[in-house]
Amino acid sequence: MSSWRLSANGLRTVVELELRQRIRSRRWIWALVGWFALIGAITSLVIWAASKNWGNPDTDLGPGGPMAFGLITYFVLGLGLMIAPAFTSTSINGDRAAGTLATLQATRLSAIDLAMGRLIAAWLTAAVFVLVATPFIAWSMVLGSISVWQVLVVFLVVLAEVAIVAAIGLGWSALLSRAAGAAAMTYLSVIVLSVITVVVFALATMVSVTPQTERVWGLTPAAQEEYAKYVNDYLEEHPDAASPPPPVDKCTWWERTTYQPRPDKVWWMLVGNPFVVVADAAPLPPGVSADLRSYRRLSNDPLASVRYAVRSLGIPSTHEIDDCSSYYMELPGYSVEWDADDNAVVKGPDGKVVNVSPVKRKVVNVESPVWPWGLGFHFAWGALFFWIAVRRLSIPAGVLPRGTRVA
């Protein structure tokens, strides 16, 4: 029989067998109850903190709804990535060590039946833990500005990531004879995708430092030295007085050469991070794509913040810096805002505009999604490990490692 011949009856048989083995113990039920209680406690704390500290009741975004939804999503994704390996990393080598795998291989079940059935059963078990968070997601929806479409898309992507991690665990379980080693390598794979990618990006950013010539709108070095000398002399004569205001009327263009990192050259390393994939795939409320900066500021949405941060890192620097607007912040009664063209607008104590910065902030485009690339990368790794599992389950097995039990 071909190892790649998938049959509905064989697949159903393996799935039912795996699920019966998993739910036969009451410890699975207690684990689910404990998981529900943990999610409930964390959600309650998140929603309470969001409504008290980060909510914006003056807008239609609700008192902390997006904030709570984003944090709960990340919490469920993180724990889902931790739970999935437990169901597959010991699936094949565990049955091989117990002597039950050879019995199944002696039947008419194909290798893909055994691998796919175990993967589906493990994914369904992990999906139950993920879906337990549904009532708490509904709670965050009530708080404001969270649609059913957003919840559906986010949960589908989270479940896809869980399935991929389960496939990776299945492959390690087929490759390594010891359950502890397979579990360790699976968790290491999860850490590489979710943590090491950020570490490597940070290190690569530090290495990418290059000299850049910047145009600065502000006080020239000579004007800064003159102002610093004036402040020192003034404070010596008036020790109880506050520092005199900076000479903002002397702001002008000047150039300087600095060494700056270039995250725009290595930002793609973050595309394969599961948390970035989920954040970028999360649908945004209507009309906020063109002004994501204002939305994330008003809503404190973690998903939108991560999406905005990753997109910002991928935009090359314009090499223009506005230092003058920050000087106005030191003047009593002055405020700095940004207009529709992303120019810094300085308003005086009477509310009138006194200065408009010629330097525009970076325009972050969130229209073109990057999450399909990251999810496609994950699917490729999951498919590779699933192929390894099928190959290792094929009969005849060939040469097995010394000490491997057959029956």
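Counting from 1, residues in each chain are numbered in the order their sequence is written. Confidence filtering applies because this is a predicted model: local features only for residues at pLDDT of at least 70, side-chain atom pairs given and counted only at 80 or more, and all residues used for totals across whole chains, interfaces and linings. Computation of side-chain values: all heavy atoms of the structure, hydrogens and water removed.

Asker: It is not clear to me how the overall build of the protein chain should be interpreted in this structure. Could you clarify?
Answerer: In terms of regular secondary structure, the protein chain is built from 15 helices and 6 strands. Working definition: with a 1.4 Å probe on protein chains only, accessible area under 20% of the residue-type maximum means buried, over 50% means exposed, and in between means partly exposed. Buried positions account for 46% of the 407 residues belonging to the protein chain. Contact criterion: two residues are considered in contact whenever any of their non-hydrogen atoms come within 4.5 Å of each other. Residue pairs in contact within the protein chain that sit at least 24 positions apart in sequence constitute 78% of those at least 6 positions apart. Throughout, the Shrake-Rupley method with a 1.4 Å probe supplies accessible areas, and for residues the shown protein chains are the sole cover considered. Summed over all atoms, the accessible surface of the protein chain reaches about 21,100 Å², with 64% contributed by carbon and sulfur. Labels follow the DSSP assignment, with helices taken as runs of H or I lasting at least four residues and strands as runs of E lasting at least two, numbered in each case from the N terminus.

Asker: Where do I start with the sheet that holds strand β3 (residues 320-322) in this structure?
Answerer: Strand pairs in the sheet, formed through backbone hydrogen bonds, run parallel or antiparallel to each other. Two strands qualify as a pair provided DSSP detects at least 2 bridges between them. Taken together, 3 strands build an open sheet; the order of strands is β2-β1-β3 and the sheet is mixed. Either end of the sheet is taken by a strand with one partner, and the two such strands are β2 (252-260) and β3. Between one strand axis and the next, the sheet turns through 35° on average, direction left out of account. One ladder, built from 9 bridges, connects strand β1 (residues 210-218) with β2; its direction is antiparallel. Counterpart to Val216 in the pairing with β2 is Trp254. Comment: axis = line fitted to C-alpha atoms, over the contacting stretch for helices; angle = value between 0 and 180 degrees taken between N-to-C directions.

Asker: Explanation requested: the packing of helix α11 (residues 274-281) against helix α15 (residues 371-393) in the structure shown.
Answerer: The packing of two helices is summarised by the inter-axis angle and the distance between the axes. Direction vectors running N to C along α11 and α15 enclose 140°, while the axes themselves pass 8 Å from each other. In terms of orientation, α11 and α15 fall into the oblique class. In this structure, α11 meets α15 at a crossing whose hand is left-handed. In contact with Pro274, Val277, Asp280 and Ala281 of α11, α15 contributes Trp371, Gly374, Leu375 and His378. Angles below 35 degrees are treated as roughly parallel, those above 145 as roughly antiparallel, those between 65 and 115 as roughly perpendicular, and all remaining angles as oblique. For a crossing to be left-handed, the near helix must be turned anticlockwise from the far one by less than a right angle; the clockwise case is right-handed.

Asker: Mind showing me how you'd approach a nonpolar patch on the surface here?
Answerer: Taken together, the side chains of Leu188, Ile191, Val192, Val195, Ile196, Val199, Val200, Leu203 and Met206 present a nonpolar region at the surface, about 730 Å² in accessible area. The residue Val199 is located in helix α9 (residues 179-207) in this model. Here the term patch refers to residues with relative accessible area over 30% and no salt bridge, with like charges joined within 9 Å and nonpolar side chains (Val, Leu, Ile, Met, Phe, Trp, Tyr) within 5 Å. We count a salt bridge whenever a side-chain nitrogen from Lys or Arg sits within 4 Å of a carboxyl oxygen from Asp or Glu.

Asker: Any chance you could explain the pattern of salt bridges here in plain terms?
Answerer: Side-chain pairs of opposite charge can arise where the charged atoms are in close proximity. Using the criterion set out here, one finds 9 salt bridges in the structure. Here Glu320 makes a salt bridge to Arg215, at a shortest N to O gap of 3.0 Å. Here Glu320 is found in strand β3, whereas its partner Arg215 is found in strand β1, with 105 residues between them in sequence. Glu320 gets classed as partly exposed once you look at its relative accessible area, which sits at 27%.

Asker: What is the right way to read helix α10 (residues 221-237) from this model?
Answerer: An α-helical turn contains 3.6 residues, so a residue and the one three or four places further along point in the same direction. Expected span of a helix, by definition, is 1.5 Å for each gap between consecutive residues, and there is one gap fewer than residues. An ideal rise of 1.5 Å per residue puts 24 Å on 17 residues; α10 measures up with 25 Å between its terminal C-alpha atoms. Taken together, the buried positions of α10 are occupied by Ala223, Tyr227 and Val231. One side of α10 carries all its buried residues, which in axial view fall inside an arc of 75°. Seen from the open side of α10, the exposed residues pointing more than 90 degrees away from its buried face are Ala222, Glu225, Lys229, Glu236 and Glu237. Working note: the arc is built from the helix axis to C-beta atom directions.

Asker: Where do I start with empty space enclosed by the protein in this structure?
Answerer: A water-sized probe rolled over the atoms picks out the places where empty space is left. Grid points spaced at 1 Å and placed over the protein atoms alone form the basis of the search, with a cavity being a set where a 1.4 Å probe fits but cannot get out and a pocket an open set showing protein on both sides within 12 Å along at least five of seven lines. Lining residues have an atom within 4 Å of a point. Grid points are joined across faces, edges and corners, and a volume is the space filled by probe spheres set on the points. Going through the model one piece at a time under the given rule, you end up with 2 cavities of 30 Å³ or more. What the largest cavity holds in volume is close to 40 Å³. In terms of residue class, the lining of the largest cavity is built from 7 nonpolar, 1 polar and 1 charged. Charged residues are taken to be Asp, Glu, Lys and Arg, nonpolar residues to be Ala, Val, Leu, Ile, Met, Phe, Trp, Tyr, Cys and Pro, and polar residues to be all remaining types, Gly included.

Asker: Hey, could you run me through the nonpolar core in this one?
Answerer: A general tendency of soluble globular proteins is for nonpolar side chains to be buried together. Side-chain atoms within 4.5 Å are what join buried Ala, Val, Leu, Ile, Met, Phe, Trp, Tyr and Cys residues into a set we call a nonpolar core. Membership of the largest hydrophobic core comes to 47 residues, with the highest contact counts inside it found for Phe69, Phe129, Val130 and Val158. For this core, the elements supplying multiple residues, two or more each, are α2 (26-54), α3 (65-88), α6 (111-131), α7 (134-143), α8 (148-175), α9, α11 and α15. Counting residues per element, this core draws most heavily on α8, which supplies 13 residues. Apart from residues no more than four positions distant in its own chain, Val158 is found in contact with Leu77, Val130 and Val278. Core analysis: the next-biggest nonpolar cluster, separate from the first, contains 18 residues, Leu101, Ala166, Ala174 and Phe386 among them.

Asker: What is the right way to read the side chain of Ser208 from this model?
Answerer: Structurally, Ser208 is set in the loop between α9 and β1. There is a polar contact of 2.7 Å between the side chain of Ser208 and the backbone oxygen of Thr205. Leaving out residues up to four positions away in the same chain, Ser208 has contacts with Gln260, Pro261, Arg262 and Pro263. What qualifies as a polar contact is a pair of N or O atoms within 3.5 Å, subject to a donor-acceptor requirement within protein and to the restriction that residues adjacent in sequence count only when both atoms come from side chains.

Asker: Is there a simple way to think about the pairing of strand β5 (residues 343-347) in this case?
Answerer: Along any regular strand, the residues point their side chains to alternate faces of the sheet. Counting buried positions along β5 gives 4 out of 5 residues, so the element sits mostly inside the fold. With 4 bridges connecting them, β5 and strand β6 (residues 353-360) associate as antiparallel partners. Bridged to Val345 within β6 is Val356. Hairpin connection of β5 to β6: 5 residues between the antiparallel strands, including Gly351 at a positive phi of 85°.

Asker: So what exactly am I meant to see when it comes to the packing of aromatic side chains here?
Answerer: For any two aromatic rings, the description comes down to two numbers: the centre-to-centre distance and the angle of the planes. The aromatic pairing rule takes the rings of Phe, Tyr and Trp, using the six-membered ring of Trp, and pairs them if the centres are within 6.5 Å, calling planes under 30 degrees apart stacked, those over 60 edge-to-face and the rest tilted. By the definition in use, this model includes 6 aromatic pairs. An aromatic cluster of three or more residues is present, and its members are Trp172, Phe377, Trp381 and Phe385. The ring of Trp253 is capped by Arg215, whose NZ or CZ atom sits 4.0 Å from the centre of that ring. Lysine NZ or arginine CZ positioned within 6 Å of the ring centre and within 35 degrees of the ring normal marks a charge as sitting over the ring.

Asker: Would you mind showing me how to read the environment of Val76 here?
Answerer: With respect to the helices and strands, the residue Val76 is situated in helix α3. For Val76, a relative accessible area of 4% corresponds to the buried category. Measuring from C-alpha to C-alpha, the distance between Val76 and Ile39 comes to 8.1 Å, with 37 residues separating the pair along the chain. Sequence-distant contacts of Val76, defined by excluding residues within four places in its chain, comprise Ile39, Val130 and Ala133.

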